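Results of the structural survey
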Amino acid sequence: MAVNPHTTSLLGRRGRLELDEVLATLVVDGYLTGEDAKRVRMGSRSGRTAIELHPLVVIANAKLDNRREPARPLSLETLVEWLAGKADLPYLKIDPMKINVAAVTQVVSSAYAQRHRILPVAASPGEVTFATAEPFDTGWANDLTQMLRREVRRVVSSPIDINRYLLEFYGVQRSIQLAHDAKGNDNSKIINFEQLVELGKGGELGADDRHVVHIVDWLLQYAFEQRASDIHLEPRRDAGQMRFRIDGVMQKVFELPPPVMTAVTSRVKILGRMDVAEKRRPQDGRIKTRSAGGREVELRISTMPTAFGEKVVMRIFDPDLVVKEFKQLGFSPEEGELWRSMVERPHGIVLVTGPTGSGKTTTLYSTLKHLARPELNVCTVEDPIEMVSPELNQMQVQPAIDLDFAAGVRTLLRQDPDIIMIGEIRDLETAQMAVQASLTGHLVLSTLHTNDSPSAVTRLLDLGVPHYLIQSTLTGVVAQRLVRTLCPHCKQPGEQDPAEWNALTHGWDIPLPERVFHPVGCLECRKTGFLGRTGVYEMMRVSSRLRSIIGAQLDLGKFGDAALKEGMKPLRISAAAQVAVGLTTVKEVLTVLPPTDIDSAI
């Protein structure tokens with residue numbers, strides 16, 4: 001490939017970038033001043049030499065002002081995009097979840113890729129794409145075209161990303177291959193759980209085990225980095241799949257040969273203190289570990305026998321994600337005030353309802369953290385304990401010894417509690433104990449699985465709780481859902497389709513917003529247009545009028561209408577408010593709203 005004559009000033013020997021030439025070109029292009037360039041040169045000579053670091057890394061580390069585009073920092077990504085433009089090549093922000101690691105690492109050896117500082121990122125029968133941070137060093141591309149007999153495409157990427165993923169891709173793939181080739185891999189000789197975790201961190205296990213340890217360690221750290229809420233290990237006939245759930249959506253990450261998937265599953269079971277030999281029955285366990293940033297993270301593990309082996313799901317409980325401040329839950333100011341008025345009472349029952357994965361746990365834990373004070377005794381009974389918290393006295397349900405929710409609450413009542421949190425009201429006995437706790441002067445928080453707030457009352461009646469006890473104890477019910485929030489880095493303003501808006505707000509006279517935002521997709525959100533999630537809520541405070549309506553033969557429709565007249569706003573109206581302030585879209589919220597809402601006009 002011929003080098004553009006306008007870019008020859010960038011080049012040093014063998015087509016490699018030289019710091020002085022790159023600085024001079026940035027000055028000519030208006031990104032730096034001569035004084036800025038001089039400062040970078042002096043800094044590179046007094047510290048690590050420019051030979052050790054890629055020139056763009058040296059310049060980015062200086063944290064200089066962008067003289068050409070003041071609103072945009074002169075970061076490494078900005079500089080790499082500029083370099084791609086100079087080389088007339090595409091810029092690629094490497095997303096490892098979109099790369100078939102098993103395929104690309106077969107194209108060239110690790111030694112060859114390291115020597116030329118190139119990373120294969122895509123491979124097909126007729127073409128291979130390589131990422132490079134040295135776009136004018138083209139000798140390797142010509143050689144590979146002859147060797148591979150395939151067209152070689154080049155893209156420009158961050159040198160830091162290239163170095164990192166060279167180590168990760170080839171390291172993990174080598175571990176998978178060696179684990180696959182290893183015979184007689186016996187994990188059962190490791191007995192001590194604490195010893196296992198410490199050895200896993202240092203990679204000091206025996207030769208037969210270290211490759212599997214490397215795969216599992218990489219998998220967990222990678223899941224933390226990608227903000228995954230769940231890790232799925234799914235055995236299949238030909239190749240097992242690793243998948244992450246990110247912002248509520250499943251995404252494929254990696255494929256493993258069946259023997260390696262079995263070994264990885266065994267390693268996870270050992271870490272979770274589960275029975276490795278038992279593969280026929282479902283099991284539960286938990287792992288406590290640390291993320292790269294040093295935060296303690298808990299993983300709840302569940303195994304299930306399938307046709308091709310054990311399927312493993314690891315739910316990640318990161319304290320930073322599970323326990324949030326009130327303002328981070330997505331409450332509007334009005335909703336936050338109403339929620340506080342319900343949970344800051346000395347007694348009564350407050351229920352949070354919604355399907356699995358709707359954020360009930362986050363709401364309850366955040367509320368308990370808000371309520372827990374040194375002068376209060378806050379106790380929980382859970383199945384299982386979702387997140388260990390130092391402010392709470394937490395008890396886990398143990399069905400094997402007849403310690404169910406009802407027995408747990410009965411025990412807590414003898415523990416002089418002020419606030420009791422029951423993981424879930426599943427049966428009449430638990431509901432009766434919750435009512436008794438409330439009647440004896442305790443605040444009780446719990447969850448139910450219902451579509452909306454008014455349905456919680458009928459669920460309690462269906463369980464067999466007398467209506468007069470519900471009247472006496474129920475303070476309020478909150479139904480909730482989680483919706484993906486638009487990526488703040490790339491969302492674009494636009495107009496709202498009136499038909500969509502009417503589908504969301506039908507029966508409610510809410511004007512069409514003047515401006516809404518739409519998803520676009522960028523590097524930060526991995527081209528999805530969404531980044532993170534927030535809650536939408538339906539808050540029903542049980543007023544004196546609603547108490548008077550609760551009876552043994554409750555008409556849910558009339559009760560829902562009465563709740564609306566008492567000020568309850570249905571889920572779709574809370575969602576419409578989130579759309580109006582630019583946090584999400586109508587299409588997104590319609591995917592999570594219940595099919596039938598009690599939302600008739602007042």
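These numbers come from a predicted model, not from an experiment.

Three or four residues apart is the spacing at which side chains of an α-helix point the same way, because the helix has 3.6 residues per turn. Burial analysis of helix H15 (residues 405–412) places 6 of its 8 residues in the buried class, which makes it a mostly covered element. For H15, the full list of buried residues reads Phe405, Ala406, Ala407, Gly408, Val409 and Leu412. Taken together, the buried residues of H15 touch strand S11 (378–382), strand S12 (393–396), strand S13 (419–422) and helix H16 (428–439).

By the element assignment, Thr303 lies in strand S8 (residues 296–306). Taking relative accessible area as the criterion, Thr303 reaches 1% and is therefore assigned buried. Excluding anything up to four places from it in sequence, Thr303 contacts Lys269, Met274, Arg281, Pro282, Gln283, Glu310, Lys311 and Val312.

This paragraph deals with the packing of helix H13 (residues 333–343) against helix H14 (residues 360–371). For any two helices packed against each other, one specifies the inter-axial angle together with the distance between the axes. For the pair H13 and H14, interaxial distance at closest approach is 12 Å and the crossing angle is 65°. By the criterion of interaxial angle, the relationship of H13 to H14 is roughly perpendicular. Read as a crossing pair, H13 and H14 show a hand that is right-handed. Between H13, through Trp339, Arg340 and Val343, and H14, the contact on the second element is made entirely by Thr363, Thr367, His370 and Leu371. Taken together, the residues of the contact of H13 with H14 sort by class into 3 nonpolar, 3 polar and 1 charged.

Moving on, we come to the sheet that holds strand S3 (residues 151–156). Pairing within the open sheet is mixed, and its 3 strands lie in the order S1-S2-S3. This sheet does not close on itself; its edge strands, each paired only once, are strand S1 (118–124) and S3. Ignoring which end each strand starts from, the neighbouring axes of this sheet average 25° apart. Relative to strand S2 (residues 127–132), S1 runs antiparallel, the two being bridged by 6 bridges. Bridge pairing links Ile118 to Thr132 in S2. Taken strand by strand, helix H7 (residues 139–148) contacts S1, S2 and S3, and its axis lies near 145° from that of S3.

Here Arg481 lies in strand S15 (residues 474–486). Within the structure, the side chain of Arg481 is placed 3.2 Å from the backbone oxygen of Val592, a separation counted as a polar contact. Apart from residues lying up to four places away in sequence, Arg481 is in contact with Gly354, Pro355, Ser358, Asn451, Thr534, Gly535, Val536, Leu571, Val592 and Pro594.

Once that is clear, we can look at the UniProt feature "domain: Bacterial type II secretion system protein E" (unreviewed entry) in the chain. Residues given the UniProt feature "domain: Bacterial type II secretion system protein E" (unreviewed entry) here are residues 413–427. With 0% helix and 27% strand, residues 413–427 has its two end C-alpha atoms placed 18 Å apart.

Further remarks concern unusual backbone geometry. For Arg273, which is not a glycine, the phi torsion comes out positive at approximately 55°. Notably, Asp416 is not glycine yet its phi reads approximately 50°, a positive angle. Looking at the element boundaries, Asp416 is found in the loop between H15 and S13. Note on Asp416: relative accessible area 62%, which makes it exposed.

Below, the discussion takes up helix H21 (residues 556–565). Three or more residues of H21 are buried, namely Phe559, Gly560, Ala562, Ala563 and Leu564. Buried residues in H21 make contact with helix H17 (454–463), strand S18 (530–541) and helix H20 (544–549). Of the residues flanking the start of H21, the one acting as N-cap is Asp555, its side-chain oxygen 3.0 Å from the backbone nitrogen of Gly557.

On to the packing of aromatic side chains. One pass over the structure, following the stated rule, counts 8 aromatic pairs. When the centroid spacing of 5.1 Å and the interplanar angle of 25° are considered together, the rings of Trp218 and Tyr222 count as stacked. One end of the pair is Trp218 and the other is Tyr222, both in helix H10 (residues 210–225) and 4 residues apart, which spans about a single turn. When sorted by exposure, Trp218 lands in the same class as Tyr222, which is buried. Taking the centre distance of 4.4 Å and the plane angle of 45° together, the rings of Phe331 and Tyr537 count as tilted. Placement of the pair is Phe331 in the loop between helix H12 (319–322) and H13 and Tyr537 in strand S18, with a sequence separation of 206 residues. Judged by its relative accessible area of 11%, Phe331 falls in the buried class. Among the residues examined, Tyr537 registers a relative accessible area of 2% and is labelled buried. Here a set of aromatic residues connected by ring pairs shows up, and it is made of Trp218, Tyr222, Phe244 and Phe254. The cationic tip of Arg484 hangs over the ring face of Phe530; the distance from NZ or CZ to the ring centre is 4.2 Å. Over the ring of Phe517 we find Lys491, and its NZ or CZ is 4.7 Å from the ring centre.

Cut-offs and rules
Residues numbered from 1 in each chain as written. Predicted model: local features only at pLDDT ≥ 70, side-chain atom pairs only at ≥ 80, totals over all residues. Heavy atoms only, no water. Buried < 20%, exposed > 50% of the residue type's maximum accessible area, 1.4 Å probe, protein only. Helix = DSSP H or I, 4+ residues; strand = E, 2+ residues; numbered from the N terminus. Contact = heavy atoms within 4.5 Å. Axes fitted to C-alpha atoms, helices over the stretch in contact; angles between N-to-C directions. Parallel < 35°, antiparallel > 145°, perpendicular 65-115°, else oblique. Left-handed = near helix turned anticlockwise from the far one by under 90°. Nonpolar A, V, L, I, M, F, W, Y, C, P; charged D, E, K, R; others polar. Pairing = 2+ DSSP bridges. Polar contact = N/O pair within 3.5 Å; in protein donor to acceptor, adjacent residues only side chain to side chain. UniProt positions renumbered as here; feature names shortened; annotations may be inferred. Phe/Tyr/Trp six-rings, centres within 6.5 Å; stacked < 30°, edge-to-face > 60°. Lys NZ or Arg CZ within 6 Å of the ring centre and 35° of its normal.

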